[in-house]
Amino acid sequence: MKKILITGAMGQLGSELTTILREQYGVDNVIGTDIRRPDEDSPLLAGPFEILNVLDAQNMADIVKKEKVDTIIHLAALLSATAEANPQLAWNINMGGLVNALEVARENNTQFFTPSSIGAFGPSTPKVATPQDTIQRPTTIYGVTKVSGELLCDYYFQKFGLDTRGVRFPGLIGYVTPPGGGTTDYAVDIYYDALKKGSYESYIDKGTFMDMMYMPDALDAIIQLMEADPSKLIHRNAFNISAMSFDPEMIAGEIRKHIKDFKMTYKVDPVRQGIADNWPDSIDYSAAIEEWGFKTRYNLETMTIDMLEKLRVKLSITDR
Ligand code: VAH
């Protein structure tokens, strides 16, 4: 990767990925793009930034050609809960944007990364130690776009030789940019509320296990996969990856080790609970380990320590 274009750079993953790739490959070699311009004080403006609607294929092609981009990291998409509220828009953005990005990548022979998700699995998928290769009949429009995306990226590799790569992300937890419209976002919100209010009202019920990962591990995984020896990649797109699996009671218990009087209550959101119930409890990620050496640094305990430490500074909270 020498000259990288990121779509959805203002998102939870995109904002941190843009920063770390600029540190690794040089500020001027990473072009952040999104549908609108960030605030003037945004770290995204520390390097090249372009306004790009991923449904505008010509603008995307113009930027890629002008900047001699050799790697496209396509992140722009609606997440599960937002998508479920507007399925037609979700299909148009998630698939229309992906087809445009793949076509621009093909025409310019760039490397290509786009994430899938544990949302690509459904109620008939084995829920525990979900295999890398298994049945995928998701019942959410988000899952339908993720499975379609996996198949499309495999097709562009097989048909056109495009160097497409991807992972199935679990829920991502970070302190820099709050997530938007996901089902796993409770695992981010809980840290903010624990510090601000000493309590959290969870929209996901106790006993609902989902795979999760701390953002630094997610960022490392993208770089590691993109730099991996292509001859060793059997699966290429949609590698299962995860770092931990927990339910709301477990993350509450870990927070209570630091905020003794932390109170957890529940007001279950039937839509997001319904989405979560269709996702695996824990996935098997041995293929990622074997094919490109996937590893993680954080578990629930160490992530909680770091999240609380970083958010105390970000929120200027010293009394919790
Ligand atoms: C979501 N955070 O909740 C995203 C992700 C696995 C979850 O795809 O929709």
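Residues numbered from 1 in each chain as written. Predicted model: local features only at pLDDT ≥ 70, side-chain atom pairs only at ≥ 80, totals over all residues. Heavy atoms only, no water.

Looking at an unreviewed UniProt entry, the protein chain carries the name L-threonine 3-dehydrogenase, with the source organism given as Proteiniclasticum aestuarii. Under Sequence similarities (unreviewed entry), UniProt gives the following word-for-word description of the protein chain: "Belongs to the NAD(P)-dependent epimerase/dehydratase family." (UniProt positions renumbered as here; feature names shortened; annotations may be inferred.)

A word on the nonpolar core. Among the nonpolar cores identified, the biggest contains 78 residues, and Y191 and W292 are the most heavily contacted of them. Formed jointly, this core draws a minimum of three residues from each of two domains, domain 1 (4-169 + 218-226 + 234-240) and domain 2 (173-211 + 243-315). Setting aside residues no more than four positions away along its own chain, W292 makes contact with V167, A221, Q224, L225, A228, L233, F239 and I241. Counting 21 residues, the second-largest nonpolar core is a separate cluster that includes I63, V69, L102 and Y156. (Core = buried A, V, L, I, M, F, W, Y, C linked by side-chain atoms within 4.5 Å. Buried < 20%, exposed > 50% of the residue type's maximum accessible area, 1.4 Å probe, protein only. Domains from an automatic or database assignment. Contact = heavy atoms within 4.5 Å.)

Here the focus is the domain arrangement of the protein chain. The domains assigned to the protein chain are domain 1 (4-169 + 218-226 + 234-240) and domain 2 (173-211 + 243-315). Opposite the 34 residues of domain 1 that make contact, domain 2 presents 33 residues. For the pair domain 1 and domain 2, the summed buried surface comes to about 2700 Å²; carbon and sulfur atoms form 57% of the total. The largest contributions to the domain 1 side of the interface with domain 2 come from Q12, I118 and K127, which together make up 25% of the buried area. Applying the counting criterion to the domain 1 and domain 2 interface returns two salt bridges. When the shortest N-O distance is used, the salt bridge between D281 and K127 registers 3.9 Å. At the boundary of domain 1 with domain 2, the tally comes to 18 residue pairs in polar contact (both at pLDDT 80 or more). When residues of the side of domain 1 that touches domain 2 are traced back to their parent elements, those giving at least two are α1 (12-25), α3 (80-85), β7 (128-130), α7 (215-226) and β13 (239-240). Looking at the side of domain 1 that touches domain 2 residue by residue, the class counts come to 15 nonpolar, 14 polar and five charged. (Buried area = accessible area lost by both parts, 1.4 Å probe. Salt bridge = Lys/Arg side-chain N within 4 Å of Asp/Glu carboxyl O. Polar contact = N/O pair within 3.5 Å; in protein donor to acceptor, adjacent residues only side chain to side chain. Helix = DSSP H or I, 4+ residues; strand = E, 2+ residues; numbered from the N terminus. Nonpolar A, V, L, I, M, F, W, Y, C, P; charged D, E, K, R; others polar.)

What follows covers the site of the ligand. The local shell around the ligand consists of L79, S80, S117, I118, Y142, F169, P170, G171, G182, T183, T184 and W279. S80 places a polar side-chain atom, nitrogen or oxygen, 2.6 Å from an oxygen atom of the ligand. Here a nitrogen atom of the ligand sits 3.0 Å away from a polar atom, N or O, in the side chain of T184. Relative to its unbound accessible area of 280 Å², the ligand is 95% covered by the protein chains. Across the shell around the ligand, the residue classes break down as six nonpolar, six polar and no charged. A domain split of the shell around the ligand shows at least three residues from each of domain 1 (4-169 + 218-226 + 234-240) and domain 2 (173-211 + 243-315). (Near = heavy atom within 4 Å. Areas by Shrake-Rupley, 256 points an atom, 1.4 Å probe, with all protein chains shown as cover.)

This brings us to empty space enclosed by the protein. Tallied over the entire structure, the rule returns one cavity of 30 Å³ or more. In this structure, the largest cavity occupies an estimated 170 Å³ of space. In terms of residue count, the dominant contributor to the lining of the largest cavity is helix α5 (residues 141-160) (five residues). (1 Å grid on protein atoms, 1.4 Å probe; cavity = no way out; pocket = protein on both sides within 12 Å on 5 of 7 lines; lining within 4 Å. Points joined across faces, edges and corners; volume = space filled by probe spheres on them.)

A few words on the packing of aromatic side chains. Under the counting rule described, the total for this entry stands at eight aromatic pairs. Where Y186 meets Y203, the ring centres are 6.4 Å apart and the plane angle is 80°; that geometry is what we call edge-to-face. Taken together, the residues Y186 in helix α6 (residues 186-196) and Y203 in the loop between β11 (199-202) and β12 (210-214) connect sequence positions 17 residues apart. Comparing Y186 with Y203, the two get one shared label, buried. (Phe/Tyr/Trp six-rings, centres within 6.5 Å; stacked < 30°, edge-to-face > 60°.)

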